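# Fold and contact review
Listed below, chain by chain, are the residues.
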Amino acid sequence: MSYVQNTDRDRKEMLGYIGVSSFDELIEPVARELRVKGDLKLGLPMSEAEVVSHCAALARRNSPASEMASFLGAGIYDRYIPATVRYVLSRSEFYTSYTPYQAEVSQGTLQAIYEYQTMITRLTAMDAANASMYDAATSLAESLLMACAIKRTDRVLVPAALSQRIRRVLESYSAGRHITIESIPWKDDGTVDLDEAERLLSEKAAAVILAQPNYFGLLEDASAVSSLAHGKGALLIALVDPVSLALVAPPGEYEADIAVGEGQSLGIPQSFGGPLLGFMATRKEYIRKCPGRLISATVDSEGKRGYVMTLQTREQHIRREKATSNICTNEGLCALAAAVYLSTMGDDGFREVALQSAAKSHRLYEMLSGLPGVTLPFGKQFFQEFVVRFDGPASRFLSRAKKSGILGGVSLEDDFPELGKGAVLVAVTEKRSLAELELFRDIAAGKEVRV
Amino acid sequence: MSRTIFERFYEGKSGSFIPRNDCPVEGLDMLLTRKTPTSLPVVGEQEVIRHYVELASKNYHIDKGMYPLGSCTMKYNPVVNEEIAGLSGFTGLHPLQDETDVQGALQLIYDLESSLCEITGMDHFSLQPVAGAHGELTGMMIARDYFRDRKEDRKTVLVPDSAHGTNPASVVICGFTPKTIPSGDDGLVDIEALEREIDDKTAVFMLTLPNTLGLFEKEIKKIIGIVHKAGALVYMDGANMNALLGIVKPGDIEIDIMHLNLHKTFSTPHGGGGPGSGPVGVRSHLGDFLPVPRVLKEGERYTFFSDMEKSVGKVHAWYGNFNVLVKAYAYIIALGATGIREVAENAIINANYLMKKISRHYDLKYPGPCMHEFVASGRNLKQYGVRTTDVAKRLLDYGIHAPTVYFPLIVEEALMIEPVETEKKETLDHFADVMEKIAGEARNNPGILHEAPVTTPVRRLDEAAAARNPELCWPLENSE
């Protein structure tokens, strides 16, 4: 294929107009010895039909979780995406538009993102939200840099029960700024050890990170962590699951200073972990310290309401050496997806998604309790994901489940060896049916299951 | 002005999107601790669609017309790529599925990395960074850990004043100190200034190639020699790589680290500002520092590999914006070797052709030849009281998106123009004609330009007021 429209005749005419005899002459500033000799080793061009069949064959080499009974979670969830989301996102007015630098011809994108910001502030009960970031991990890393800048200190406390993938992103972002990250251990029930947190806070810290629910799916005593952090002059950063916020207290209610999270659950396919949608919301006083894009309402020269990108002085555009954010490309289309998702679901639909996820996960928990060879180490204070421990290695259960068409969860053996062998993190979203839960139980009970 | 979605509220209900709950359970009270309502929009499905279709009608986009935005590289997005990226075999994958279930995805990642290595001459690529600036940041982390590993204390990064705006920001966020290197009168790196500033504290020289003036550094070999002699690394901002495709391989000229913007050079839609993808490439001496995991090929099998002691770690929770990678991959295999080179040739021819046409009415501080973009100046219109902003806004009235304006900072009243390779000669002629018409209006009737735009959904917006008093969300009390 070639997507170039100029013909040979066009090119000849254009070279003539420019005043050169050949393309080679035109690139005279590129010394000949620097130029590539011969063709790149990339193969022959393919027709559209060949591209489609080649890529479809690659896609067929995958077995997508979305087509199985998936109990995988750990940050990415198999949720139902209403058709409205795909319809709106597939309109080229949105997906082939650019960053809204010329606001007058980008009101569609700008208003949609402004409305997205509004929805995030309402879900989190915070004052303001930015217009999307890469993912939860980088949003949390950015919030950590932000907190250290606000508090002018370089120590932060994070829960030990945090996704190790997120933890590694925090570490790589912090290394350049010499930020020290210390872990708050968990108690036997899997939640933050408040006494340990208090001990760690005897030394000045910029922020305490609260994961709500935590990596094991458990709900923390957010207010207690919040008072502890504020009492010692640290900020509280809440890493939250947006769906859980339909039911549980949002960060604003326990006075978090910054709230971040992963928006993939809001209408974005799993896509092997990307693109995702990081969100960040904060209090009024920290807006100017907040990284990433912000959209504001304003008026045009006739007094008509309109929207613009604002506070770009925090960015690349001015005071380049003092920039507090390098975010330029953001996840605009993913923010749009979240806005369409939340608009479609509305209060009731969104609450139903959360309620069903909670109900089904708790139902499975009940079905598993008391089964021989199965332990539930952490109790029932969870939202939609919980830890189950099997006798024998996790892989044995997971491969048996897979034979029955079930993705049984995420093994915790490598990341959290202290949980012992056989620990699996199980997520149950609104998409799972009672029949699938029963199948899961039967496999966990060691029954021979044929599908 | 469109109503906000919150004003479309009516006493009705949203549709039903998920099946009835077949697992009711008791005892969820401990979860129900939210006190404030979520206050999401409550609108019917048809209203949702009408709302977003109304918003869509207020957007300019590449399928409607050209975007001559310098350095942003807004080219045609092949529609077939959307179809491919939408296959459930790609969108439905969970990142923690067994390797055996995702062999196609791993193969795609592996093959795309190999193609990018072939195109750039770098030895290794990581596809984990999800935006150009994210790639820059990752590149700086690689340099940081490289010098730490060598126990060298190098803290300064030299950045030419013609660099992209995100460069110094990425440098700062990574903990380095940026130092500006001025350009010479020819718009190229002032080599004497570079020699003066570089020392044993310099970690990286961060170069945009071709630079943001659209110029190729003629003395690139000499520049790289100076940097390497000082023991520092050369970083190349590859956002402008579409000018070099099939013409120069940065790895061959000993660039140490570079990033690519897949959404620019390899044509994936920008979606109102993202998602993007900013892979980072390095030569072999830096391979150990790339983010984990990497994808390896063992026989016919693809596996993840994370056991890299010197790795900078992770910059994204998973493997980057995989769905964007699918589109870039489809684009590269469609074009093949000859198509890839054709991109650069046509981008360069289009830019030089347009530059010459525009130069009849706008100043050119740095006359050509240029690469894929060039910077004109509207300073000759200042005598009529007309600024570059006015030219940009007037273009909107003529149904054309404005170029990048006031960037790079070193050109007065800058208009940074990049026609890209997919625009046809006729489109360029039309753009040049409109630019000529606007220059004429500036001379004869500057008022029209000050008033512009008049045909757009809103008139010129008060950005200063927004910055002074930002209104970042729709007030709750106005919602119902």
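Use the structure listed above.
Overview of the structure. (Residues numbered from 1 in each chain as written. Chains lettered and ligands numbered in written order. Predicted model: local features only at pLDDT ≥ 70, side-chain atom pairs only at ≥ 80, totals over all residues. Heavy atoms only, no water.)

We now examine the overall build of chain A. Within chain A, the regular secondary structure consists of 13 helices and 15 strands. Each principal axis of the C-alpha atoms in chain A carries an extent, and together these give about 85 × 55 × 50 Å. The buried share of chain A, reckoned over its 451 residues, is 66%. In chain A, of all internal contacts separated by at least 6 residues, the share reaching a separation of at least 24 is 69%. Surface exposure of chain A reaches about 15200 Å², of which carbon and sulfur atoms provide 49%. (Helix = DSSP H or I, 4+ residues; strand = E, 2+ residues; numbered from the N terminus. Buried < 20%, exposed > 50% of the residue type's maximum accessible area, 1.4 Å probe, protein only. Contact = heavy atoms within 4.5 Å. Areas by Shrake-Rupley, 256 points an atom, 1.4 Å probe, with all protein chains shown as cover.)

Tallying secondary structure elements over chain B gives 14 helices and twelve strands in all. Taken over the C-alpha atoms alone, chain B extends approximately 75 × 70 × 45 Å along its principal axes. Within the span of chain B, comprising 480 residues, buried residues form 68% of the whole. By sequence separation, contacts in chain B at least 24 residues apart represent 71% of the contacts at least 6 residues apart. Only carbon and sulfur atoms are counted for the fraction: they give 47% of the accessible area of chain B, which is about 15700 Å².

Let us look at the interface of chain B and chain A. Interfaces are often described in size by the accessible area the parts lose on coming together. Taken together, the contacts link 200 residues of chain B with 180 residues of chain A. Summed over both sides, the interface of chain B with chain A buries roughly 16700 Å², with 62% coming from carbon and sulfur. Scanning the region where chain B abuts chain A turns up seven salt bridges. For Arg305 of chain A, the salt bridge goes to Glu471 of chain B, with nearest N and O atoms at 3.3 Å. Remark: the boundary between chain B and chain A carries 100 residue pairs in polar contact (both at pLDDT 80 or more). The element contributing the most residues to the side of chain B that touches chain A is helix α10 (residues 322-358) of chain B, with 24 residues. Split by residue class, the side of chain B that touches chain A holds 109 nonpolar, 53 polar and 38 charged. (Buried area = accessible area lost by both parts, 1.4 Å probe. Salt bridge = Lys/Arg side-chain N within 4 Å of Asp/Glu carboxyl O. Polar contact = N/O pair within 3.5 Å; in protein donor to acceptor, adjacent residues only side chain to side chain. Nonpolar A, V, L, I, M, F, W, Y, C, P; charged D, E, K, R; others polar.)

Before going further, it helps to spend a moment on the nonpolar core. Of all hydrophobic cores here, the largest spans 181 residues; its most connected members are Leu170 of chain A together with Phe266 and Tyr362 of chain B. Of all the elements, α10 of chain B adds the most residues to this core, at 22 residues. Not counting residues within four places of it along the chain, the set of residues in contact with Phe266 of chain B comprises Leu116, Ile119, Leu245, Leu260, Asn261, Ala328, Tyr331, Ile332 and Ile340 of chain B. Counting residues in each nonpolar core, the second largest holds 89 residues, with Phe94, Val240 and Phe383 of chain A together with Val25 of chain B among its members. (Core = buried A, V, L, I, M, F, W, Y, C linked by side-chain atoms within 4.5 Å.)

What follows deals with the packing of helix α7 (residues 136-151) of chain A against helix α8 (residues 164-175) of chain A. All names here are of chain A. Their axes nearest at 9 Å, the elements α7 and α8 cross at an angle of 40°. As far as their axial angle goes, α8 and α7 are oblique. The hand of the α7/α8 crossing is right-handed. Mapping the contact onto sequence places Ala137, Thr138, Leu140, Ala141, Glu142, Leu144 and Leu145 in α7 and Ile166, Val169, Leu170, Tyr173 and Ser174 in α8. (Axes fitted to C-alpha atoms, helices over the stretch in contact; angles between N-to-C directions. Parallel < 35°, antiparallel > 145°, perpendicular 65-115°, else oblique. Left-handed = near helix turned anticlockwise from the far one by under 90°.)

Let us look at the packing of aromatic side chains. All names here are of chain A. Scanning the entire structure with this criterion turns up 29 aromatic pairs over all chains. Relative to Phe416, the ring of Tyr215 has its centre 5.7 Å away and its plane inclined at 35°; by these criteria the two rings are tilted. Here Tyr215 is found in the loop between β5 (207-212) and α10 (222-231), whereas its partner Phe416 is found in the loop between β14 (410-411) and β15 (423-427), with 201 residues between them in sequence. Just as Tyr215 is buried, Phe416 falls in that class too. Joined through ring pairs, the aromatic side chains of Trp186, Tyr215, Phe216, Phe378 and Phe416 make up one cluster. (Phe/Tyr/Trp six-rings, centres within 6.5 Å; stacked < 30°, edge-to-face > 60°.)

By the definition in use, this model includes eight cavities of 30 Å³ or more. Empty space within the largest cavity amounts to approximately 420 Å³. Forming the boundary of the largest cavity are 31 residues, of which Ala74, Gly75, Tyr77, Ile166 and Leu239 of chain A lie nearest the centre. Residue assignment for the lining of the largest cavity shows that the elements contributing at least two residues are α7, α8, β5, β6 (235-240) and β7 (258-262) of chain A. Looking at the lining of the largest cavity residue by residue, the class counts come to 18 nonpolar, eight polar and five charged. Roughly 90 Å³ of volume is contained in the second largest cavity. Contributing to the lining of the second largest cavity are Ile109, Glu113, Ser126, Leu127, Gln128, Pro293, Arg294, Val295, Phe304 and Tyr319 of chain B. The set of elements that each furnish at least two residues to the lining of the second largest cavity consists of α4 (103-120) and β8 (294-298) of chain B. (1 Å grid on protein atoms, 1.4 Å probe; cavity = no way out; pocket = protein on both sides within 12 Å on 5 of 7 lines; lining within 4 Å. Points joined across faces, edges and corners; volume = space filled by probe spheres on them.)

As a further point, take the side chain of Asn77 of chain B. With respect to the helices, strands and loops of the structure, Asn77 of chain B is situated in the loop between α1 (45-56) and α2 (79-85). Apart from residues no more than four positions distant in its own chain, Asn77 of chain B is found in contact with Thr96 of chain A together with Ile62, Ser267, Thr268 and Pro269 of chain B.

Quick look at the pairing of β6 of chain A now. All names here are of chain A. With six of six residues buried, β6 lies mostly within the body of the structure. Side chains of β6 alternate between two faces, with Leu235, Ile237 and Leu239 and Leu236, Ala238 and Val240 buried alike. Looking at chain direction, β5 and β6 are connected through six bridges and run parallel. Considered in β6, the bridge of Ala207 is made with Leu235. For the crossover that starts at β5, traverses α10 and ends in the parallel β6, the hand is right-handed. Where β6 lies against β7, four bridges are found, and the strand directions are parallel. Residue pairing in the sheet places Ile237 in a bridge with Ile258 of β7. (Pairing = 2+ DSSP bridges. Right-handed = clockwise from strand over helix to strand, strands pointing away.)

Here we take up the environment of Phe216 of chain B. Within the element layout of this structure, Phe216 of chain B appears in the loop between β4 (202-208) and α8 (220-229). Along the primary structure Phe216 of chain B and Asn167 of chain B are separated by 49 residues, whereas in three dimensions their C-alpha atoms are 18 Å apart. The contact partners of Phe216 of chain B, leaving out residues within four places of it in the chain, are Pro29, Val30 and Leu34 of chain A together with Leu188, Leu209, Pro210, Leu244, Val248 and Met371 of chain B.

A word on the sheet that holds strand β12 (residues 414-417) of chain B. Residues and elements named next belong to chain B. Across the sheet, which stays open at both edges, the three strands sit in the order β10-β12-β11 with antiparallel pairing between neighbours. At either margin of the open sheet sits one strand with a lone partner, and together these are β10 (374-377) and β11 (404-405). Sheet analysis places β10 next to β12, joined by four bridges and oriented antiparallel. Along β12, the bridge assignment pairs Phe374 with Ile417. Those strands touched by α10 are β10 and β12, and its axis lies near 10° from that of β10.

Residue and element names in this part refer to chain B. For Glu195, the location among the structural elements is in helix α7 (residues 191-197). Residue class for Glu195 comes out partly exposed when judged on its relative accessible area of 44%. Considered as a pair, Glu195 and Val227 are 32 residues apart in the sequence and their alpha carbons are 8.6 Å apart.

Right, let's talk about the state of the cysteines for a bit. Enumeration according to the criterion identifies zero disulfides over all chains in this entry. The thiol sulfur of Cys174 of chain B is not disulfide-bonded, and the nearest other cysteine sulfur, from Cys148 of chain A, lies at 15 Å. (Disulfide = S-S within 2.5 Å.)

Attention now moves to helix α1 (residues 8-18) of chain A. Each turn of an α-helix holds 3.6 residues, which means side chains three or four residues apart point in the same direction. By the burial criterion, the buried members of α1 of chain A are Asp10, Arg11, Met14, Leu15 and Ile18 of chain A. Down the axis of α1 of chain A, the smallest arc covering the buried residues is 130°, so these residues share one side. Residues of α1 of chain A that are exposed and point more than 90 degrees away from the buried face comprise Asp8, Arg9 and Lys12 of chain A. Looking at the buried side of α1 of chain A, the elements it contacts are α2 (23-26) of chain A together with α10 and α12 (425-444) of chain B. Within two residues after α1 of chain A, Gly19 of chain A carries a phi angle of roughly 100°, on the positive side. (Arc of directions from axis to C-beta.)

Turning to the sheet that holds strand β1 (residues 124-126) of chain B, a few remarks are in order. Residues and elements named next belong to chain B. Across the sheet, seven strands lie side by side as β1-β7-β6-β5-β4-β2-β3; this open sheet has mixed pairing. At either margin of the open sheet sits one strand with a lone partner, and together these are β1 and β3 (177-181). Sheet twist, expressed as the mean angle between neighbouring strand axes with direction ignored, is 25°. Bridge count for β4 against strand β5 (residues 233-238) is five bridges, and the pairing is parallel. Within the sheet, the bridge partner assigned to Phe205 lies in β5 and is Val234. Those strands touched by α4 are β1 and β6 (257-260), and its axis lies near 130° from that of β1. Strands β2 (156-160), β4, β5, β6 and β7 (280-282) of the sheet are contacted by helix α5 (residues 132-149), whose axis makes an angle of about 170° with β5.

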